[in-house]
Amino acid sequence: MDHVSARIIPAGLEMTPLEINFYKSDPFHISREKKNVSSMPSNHYHDAYEILYLVSGELYYFIEDRTFQIVSGVLLFINANDLHRLINVNGTMYERVTLLFKREFLRDFFADSPLPCDLFSCFHSRSNAIKLSGNDQIFVENLFSKLIHEDTKRPPNFDYYRKILLMELLIFIQRKKLPDQNEHFVETNRTHKKISQIIHFINGNFAEPLSLEYISDRFSISTSHLSRTFKDTTGFTFSEYVNNTRLKEARSLLQDSKLTVSEIAERAGFGNLTHFGRVFKTMTGTSPLKYRKQNRIDEDNISTQA
């Protein structure tokens with residue numbers, strides 16, 4: 001990705017130059033990173049569409065004239081040449097998938113027929129973000145894993161398969177997108193700073209008993225106001241976000257550890273096995289044991305192909 005830096009002076013801020021960085025993008029790029037500092041300059045734009053998926057953590061994104069507070073389980077869409085920057089308010093660890101692609105990357109795929117324009121509607125509307133259910137998060141993360149595998153290992157016909165997977169992702173987004181979901185992610189007042197503190201607390205203490213009443217008392221905010229503001233800010237209800245954060249940890253442990261399901265339920269903060277099984281099945285569509293078995297099979301298949 002080639003880099004060009006320019007300095008502009010916004011109206012009314014003549015004494016405070018703002019650095020704008022332009023990046024010339026490759027036709028396709030995907031990465032999954034865990035970090036607490038962005039490697040990108042604070043203000044930048046590039047000549048490619050960008051899809052960002054937050055696996056864990058919480059971030060603020062400034063896109064043109066709006067601010068988005070993004071939490072885990074959210075997809076964010078940035079149009080080509082839109083000025084944007086990332087703000088990690090708490091300076092804590094986050095994990096994200098970044099996918100950039102140019103329009104011509106898919107145009108070659110449709111050499112004999114026009115490219116469906118509506119597949120790019122998520123980048124051209126004012127609705128820049130959608131939150132995903134637990135089951136949809138698994139689906140999208142599996143797509144990203146396949147894309148990363150194809151991009152890094154480059155098996156036979158990898159370029160063709162990358163385009164197929166990207167098309168599948170864009171069609172999925174088009175079907176899930178709701179015109180008014182965007183309003184949940186746009187910062188509108190300073191109360192959202194307190195929600196950011198609460199999210200930070202949940203992310204670091206999800207294994208502990210967390211109730212709306214407990215958080216309300218701890219952060220000196222009424223339960224009704226917290227419930228309403230949390231939903232407006234993140235797109236998730238309080239219980240959805242807590243369960244989603246715990247589910248992320250449980251899925252990671254099911255896939256990467258040898259702990260029993262009961263031990264994982266406790267470590268992830270679900271309290272008991274019955275509650276864990278019920279929430280897991282509701283949010284993912286499968287049981288913890290089936291999820292563990294399926295994902296270990298998928299890992300073995302990828303290892304065999306690599």
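This text goes with the structure placed above it.
Structural notes, computed from the coordinates. (Residues numbered from 1 in each chain as written. Predicted model: local features only at pLDDT ≥ 70, side-chain atom pairs only at ≥ 80, totals over all residues. Heavy atoms only, no water.)

What follows covers the overall build of the chain. For the chain, the count of helices and strands is eleven helices and eleven strands. The 306 residues of the chain split such that 47% are buried. The long-range share in the chain, meaning contacts at least 24 apart out of those at least 6 apart in sequence, stands at 70%. (Helix = DSSP H or I, 4+ residues; strand = E, 2+ residues; numbered from the N terminus. Buried < 20%, exposed > 50% of the residue type's maximum accessible area, 1.4 Å probe, protein only. Contact = heavy atoms within 4.5 Å.)

Here the focus is the sheet that holds strand E11 (residues 129-131). If you walk across this open sheet you meet the five strands as E3-E10-E5-E8-E11, and the pairing is antiparallel. The open sheet is flanked by strand E3 (28-35) and E11, the only strands paired with a single partner. Each neighbouring strand pair of the sheet contributes to a mean axis angle of 15°, computed without reference to strand direction. Strand contacts of helix H3 (residues 134-153): E3, strand E5 (49-56), strand E8 (74-78) and strand E10 (94-101), with the helix running at about 115° to E3, the strand carrying the most contacts. (Pairing = 2+ DSSP bridges. Axes fitted to C-alpha atoms, helices over the stretch in contact; angles between N-to-C directions.)

The subject of this paragraph is the packing of aromatic side chains. According to the stated counting rule, one finds 16 aromatic pairs in the structure shown. A ring pair is formed by Phe101 and Phe123, whose centres lie 5.9 Å apart and whose planes are at 70°; its orientation type is edge-to-face. With Phe101 in strand E10 and Phe123 in helix H2 (residues 121-124), the pair connects residues that are 22 residues apart, well separated along the chain. By relative accessible area, Phe101 is classed as buried at 0%. Taken together, a centroid distance of 5.0 Å and an interplanar angle of 40° make the contact between Phe139 and Phe172 tilted. Of this pair, Phe139 sits in helix H3 while Phe172 is found in helix H4 (residues 158-176), placing the two residues 33 residues apart along the sequence. Here the aromatic residues Tyr49, Phe77, Phe101, Phe120 and Phe123 are joined through ring pairs into a cluster of three or more. (Phe/Tyr/Trp six-rings, centres within 6.5 Å; stacked < 30°, edge-to-face > 60°.)

Before going further, it helps to examine the packing of H3 against H4. Where H3 meets H4, the axes come as close as 9 Å, and the angle between the chain directions of the two elements is 160°. When the axes of H3 and H4 are compared, the pair comes out roughly antiparallel. Of the two elements, H3 crosses H4, and the hand of that crossing is left-handed. Across the interface between the two elements, Asp136, Phe139, Val140, Leu143, Phe144, Lys146, Leu147, Glu150 and Asp151 from H3 touch Phe158, Tyr161, Arg162, Leu165, Leu166, Glu168, Leu169, Phe172 and Lys176 from H4. Of the residues assigned to the contact of H3 with H4, the class counts are eleven nonpolar, no polar and seven charged. (Parallel < 35°, antiparallel > 145°, perpendicular 65-115°, else oblique. Left-handed = near helix turned anticlockwise from the far one by under 90°. Nonpolar A, V, L, I, M, F, W, Y, C, P; charged D, E, K, R; others polar.)

What follows deals with a nonpolar patch on the surface. A cluster of nonpolar side chains, contributed by Tyr160, Tyr161 and Ile164, occupies part of the molecular surface with about 290 Å² of accessible area. Considering the arrangement of structural elements, one finds Tyr161 in helix H4. Looking at Tyr161, the relative accessible area reads 31%, which means it is partly exposed. (Patch = residues over 30% accessible without salt bridge, like charges linked within 9 Å, V, L, I, M, F, W, Y side chains within 5 Å. Areas by Shrake-Rupley, 256 points an atom, 1.4 Å probe, with all protein chains shown as cover. Salt bridge = Lys/Arg side-chain N within 4 Å of Asp/Glu carboxyl O.)

On to unusual backbone geometry, then. Apart from glycine, the bulk of residues carry a negative phi angle, and the bulk of peptide bonds sit in the trans form. One non-glycine residue with positive phi stands out, namely Asn81, at about 70°. Tracing the backbone through its elements, the reader meets Asn81 in the loop between E8 and strand E9 (84-87). Residue class for Asn81 comes out partly exposed when judged on its relative accessible area of 45%. Positive phi values are uncommon outside glycine, yet Arg154 reaches one of about 50°. Its location among the elements puts Arg154 in the loop between H3 and H4.

Following the sequence through the fold, Ser72 ends up in the loop between strand E7 (66-71) and E8. Beyond its immediate sequence surroundings of up to four residues, Ser72 is in contact with Leu54, Val55, Ser56, Gly57, Phe236, Tyr241, Asn244 and Lys248.

Here we take up the environment of Met283. Counting through the fold element by element, Met283 comes out in helix H10 (residues 273-284). Taking the C-alpha atoms as reference, Met283 lies 9.4 Å from Gln137; in sequence the two are 146 residues apart. Apart from the residues lying within four places of it in its own chain, the contact partners of Met283 are Ser133, Gly134, Asn135, Glu240, Asn243, Asn244 and Leu247.

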